[in-house]
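# What the coordinates show
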Amino acid sequence: MTENEEFIYESIFNQVRMGFLPIDEIKENIMEEIEDNEFEDQISEAWAFEKIDEEYQKLLSESKNWVSPTDTEKLIKAFDELCDQNIIALHNAGYTTSDGEYEVVEVERDLRNSGIESDGYCFYHEQDLARAVMLEDPSLYIAFQKVDNSDADTTIEVGNKVAEVLRNNGLEVKWDGSAKRKLEIPGFRWQQIYDEDGRDLQDYSEVIERMTE
């Protein structure tokens, strides 16, 4: 593959394996990406669609050997439990840490409109997820904090709660115990295939509903 093809292939690989989008939408995204980067003369629609279909078939084949509960299923259960314990826990929150923090503040605002203030939050974003779909040495980083908080002890308290729930759900956690470092789940392998009838992990109204019940 050329350098530009490798660039587009990485995006195909990530979008298929993250499992948040239907294949038709991934194809639209990839064609937009090719156009935005002015690669149309070098990368054909046929090539891009072939790579998308190939990657999807590989994922389907691999999924037959997945052992339940997968790391992804363990994480979903842990995040649900954190919400039940008044910790906002968001899946795939934006592309960067600042995107994730914005999403958290939006959820917190809705909670406070219902008379509830969270005890903290945690999330991972798309760049974090890109590490978790890697075939070699995957891992997942989890950010944590409390909205409108600048006290390190409070931050660490949130980190300890999140780490405890993750560990209780069978996930290993590496963390130096400081307020400045994210939690790391080493060896975390994201395993998900898009299902139009499945749960939308990015529907944060579900988080609000769970936390206001």
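All right, on to helix α3 (residues 45–63) then. The periodicity of an α-helix, 3.6 residues per turn, causes residues three or four positions apart to be oriented the same way. The end-to-end C-alpha separation of α3 is 27 Å, in line with the 27 Å expected for 19 residues at 1.5 Å each. Every buried residue of α3 is accounted for by Trp 47, Ala 48, Lys 51, Ile 52, Glu 55 and Leu 59. Down the axis of α3, the sector holding all buried residues measures 135 degrees, keeping them to one side. Those residues of α3 hidden inside the fold are in contact with α1 (3–18) and α2 (23–36).

Further remarks concern the pairing of strand β3 (residues 139–145). With 6 of 7 residues buried, β3 lies mostly within the body of the structure. For strand β2 (residues 121–123) and β3, the ladder comprises 3 bridges, and the chain directions are antiparallel. Each residue of the ladder has a partner; that of Cys 122, found in β3, is Phe 144.

In this section: the packing of helix α5 (residues 97–113) against helix α8 (residues 204–212). It is at 10 Å that the axes of α5 and α8 come closest, and there the two elements cross at 40 degrees. Of the possible angle classes, the one that applies to α5 and α8 is oblique. Considering the relative orientation of α5 and α8, their crossing is right-handed. Here Glu 103, Val 107, Asp 110 and Leu 111 of α5 lie close against α8, whose contacting residues are Tyr 204, Val 207, Ile 208, Met 211 and Thr 212. Considered class by class, the residues forming the contact of α5 with α8 number 6 nonpolar, 1 polar and 2 charged.

A separate point is a negative patch on the surface. Together, Asp 24, Glu 25, Glu 28, Glu 32, Glu 35, Asp 36, Glu 38, Glu 40 and Asp 41 make up a region of like negative charge exposed at the surface. As for its placement among the helices and strands, Glu 28 is situated in helix α2.

For the bond running from Ser 68 to Pro 69, omega is 0 degrees, close enough to zero to count as cis. For Pro 69, the location among the structural elements is in the loop between α3 and α4 (71–84). Residues other than glycine seldom take positive phi values, yet Asp 137 does so here, at roughly 50 degrees. Of note, Asp 148 is a non-glycine position whose phi angle comes to about 60 degrees, a positive value.

The next thing to look at is the environment of Gly 19. With respect to the helices, strands and loops of the structure, Gly 19 is situated in the loop between α1 and α2. The spacing of Gly 19 and Tyr 56 is 37 residues in sequence and 9.7 Å in space, taken between C-alpha atoms.

With that settled, consider the side chain of Asn 92. Relative to the helices and strands, Asn 92 resides in the loop between β1 (88–90) and α5. Residue Asn 92 is classed as buried on the basis of its relative accessible area of 6%. Side-chain polar atoms of Asn 92 contact the backbone nitrogen of Glu 126, separated by 3.5 Å. Setting aside chain neighbours within four positions, we find Asn 92 in contact with Phe 20, Tyr 124, His 125, Glu 126, Leu 129, Gln 202 and Tyr 204.

To continue, consider the nonpolar core. Residues Leu 75, Ile 142, Leu 166 and Trp 190 are the most contacted members of the largest nonpolar core, which totals 46 residues. The biggest single contributor to this core is α4, with 6 residues. Residues in contact with Leu 75, not counting those within four places in the same chain, are His 91, Tyr 124, Leu 140, Ile 142, Leu 166, Leu 171, Ile 185, Phe 188 and Trp 190. Listed in part, the 14 residues of the second largest apolar core include Val 16, Ile 26, Phe 39 and Ala 48.

Once that is clear, we can look at the pattern of salt bridges. Counted according to the given criterion, the structure contains 18 salt bridges. For Glu 55, the salt bridge is made with Arg 17, and the minimal N-O distance between the two is 3.1 Å. Residue Glu 55 is found in helix α3, and its partner Arg 17 is found in helix α1; the two are separated by 38 residues along the sequence. Within this structure, Asp 80, Asp 84, Arg 199, Glu 206 and Arg 210 form a network of salt bridges that share partners.

Reading guide: rules and limits
- Residues numbered from 1 in each chain as written.
- Predicted model: local features only at pLDDT ≥ 70, side-chain atom pairs only at ≥ 80, totals over all residues.
- Heavy atoms only, no water.
- Helix = DSSP H or I, 4+ residues; strand = E, 2+ residues; numbered from the N terminus.
- Expected span 1.5 Å × (residues − 1).
- Buried < 20%, exposed > 50% of the residue type's maximum accessible area, 1.4 Å probe, protein only.
- Arc of directions from axis to C-beta.
- Contact = heavy atoms within 4.5 Å.
- Pairing = 2+ DSSP bridges.
- Axes fitted to C-alpha atoms, helices over the stretch in contact; angles between N-to-C directions.
- Parallel < 35°, antiparallel > 145°, perpendicular 65-115°, else oblique.
- Left-handed = near helix turned anticlockwise from the far one by under 90°.
- Nonpolar A, V, L, I, M, F, W, Y, C, P; charged D, E, K, R; others polar.
- Patch = residues over 30% accessible without salt bridge, like charges linked within 9 Å, V, L, I, M, F, W, Y side chains within 5 Å.
- Areas by Shrake-Rupley, 256 points an atom, 1.4 Å probe, with all protein chains shown as cover.
- Salt bridge = Lys/Arg side-chain N within 4 Å of Asp/Glu carboxyl O.
- Lys, Arg positive; Asp, Glu negative; His and termini not counted.
- Charge placed at Lys NZ, Arg CZ, Asp CG, Glu CD.
- Polar contact = N/O pair within 3.5 Å; in protein donor to acceptor, adjacent residues only side chain to side chain.
- Core = buried A, V, L, I, M, F, W, Y, C linked by side-chain atoms within 4.5 Å.

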